[in-house]
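# Structure at a glance
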Amino acid sequence: MFVDQVSIEVRGGKGGNGCLSFRREKFVPKGGPDGGDGGHGGSVIITAQAGVDSLSTLAHKKHWHAENGIHGSGSNRQGRTGKDSTLRVPPGTVVWDEAGEFVLKDLAADGDTLTAARGGKGGYGNAHFKSATNRAPREHTPGEEGETRRLVLELKSIADVGLVGLPNAGKSTLLSR
């Protein structure tokens, strides 16, 4: 089935929360804060790739989202960054923003990319807020939400020439000769 126009919703991953943690070990006096930062959320990337001939792979799934970032943890461990989600479209695809009705990018050549929805930043753990005057901070920040966007992907005409005529007029014979 050939599909030349698709409406989808893309969402970047949420950033992981920062951790509120203090180092407590038996023979370590005044261990201090050791809460790690959260990982960033993944982004949704649209890539033009030769060999893809239709938007039919995107037609059956309307919501595309990237992976969320992992929360930070104790011992200054930073959370893992979420994986990006890549959508492959044929070259010659025009990406429209549905709300604003303007062109985001024309993916004309093979290898053109567009970051359709950015992932959220990860939050800071309490180790990020320590200073000489604030040695035991009890604050941390949550991760940010990723961008959400509704897009229309439209494939330009991929034919160079069209042959129109009545049935049994000899169109196939003309092409074969």
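Residues numbered from 1 in each chain as written. Predicted model: local features only at pLDDT ≥ 70, side-chain atom pairs only at ≥ 80, totals over all residues. Heavy atoms only, no water.

### Re the sheet that holds strand 7 (residues 113-117)
Taken together, three strands build an open sheet; the order of strands is 4-2-7 and the sheet is mixed. Whereas interior strands pair on both sides, the edge strands pair on one side only; in this sheet they are strand 4 (85-89) and strand 7. Geometrically, the sheet is characterised by an average inter-axis angle of 25 degrees between neighbouring strands, direction not taken into account. In terms of strand pairing, strand 2 (residues 44-48) meets strand 7 through four bridges, oriented antiparallel. What sits directly across from Ile45, in strand 7, is Thr115. (Pairing = 2+ DSSP bridges. Helix = DSSP H or I, 4+ residues; strand = E, 2+ residues; numbered from the N terminus. Axes fitted to C-alpha atoms, helices over the stretch in contact; angles between N-to-C directions.)

### Describing the pattern of salt bridges
Tallied over the entire structure, the rule returns five salt bridges. Across the pair Arg80 and Glu67 runs a salt bridge whose closest N-O atoms are separated by 3.2 Å. On the criterion of sequence distance, the pair formed by Arg80 in the loop between strand 3 (63-65) and strand 4 and Glu67 in the loop between strand 3 and strand 4 is long-range, its members being 13 residues apart. Classification of Glu67 as partly exposed rests on a relative accessible area of 32%. Residues Asp106 and Lys156 are paired through a salt bridge, measuring 2.7 Å at the closest nitrogen-oxygen approach. Of this pair, Asp106 sits in strand 6 (residues 102-107) while Lys156 is found in the loop between strand 8 (148-155) and helix 2 (171-176), placing the two residues 50 residues apart along the sequence. On the basis of relative accessible area, Asp106 is assigned to the partly exposed category, the value being 31%. On the basis of relative accessible area, Lys156 is assigned to the partly exposed category, the value being 39%. Shared partners join several salt bridges into a network, and the residues in it are Glu9, Glu98 and Arg150. (Salt bridge = Lys/Arg side-chain N within 4 Å of Asp/Glu carboxyl O. Buried < 20%, exposed > 50% of the residue type's maximum accessible area, 1.4 Å probe, protein only.)

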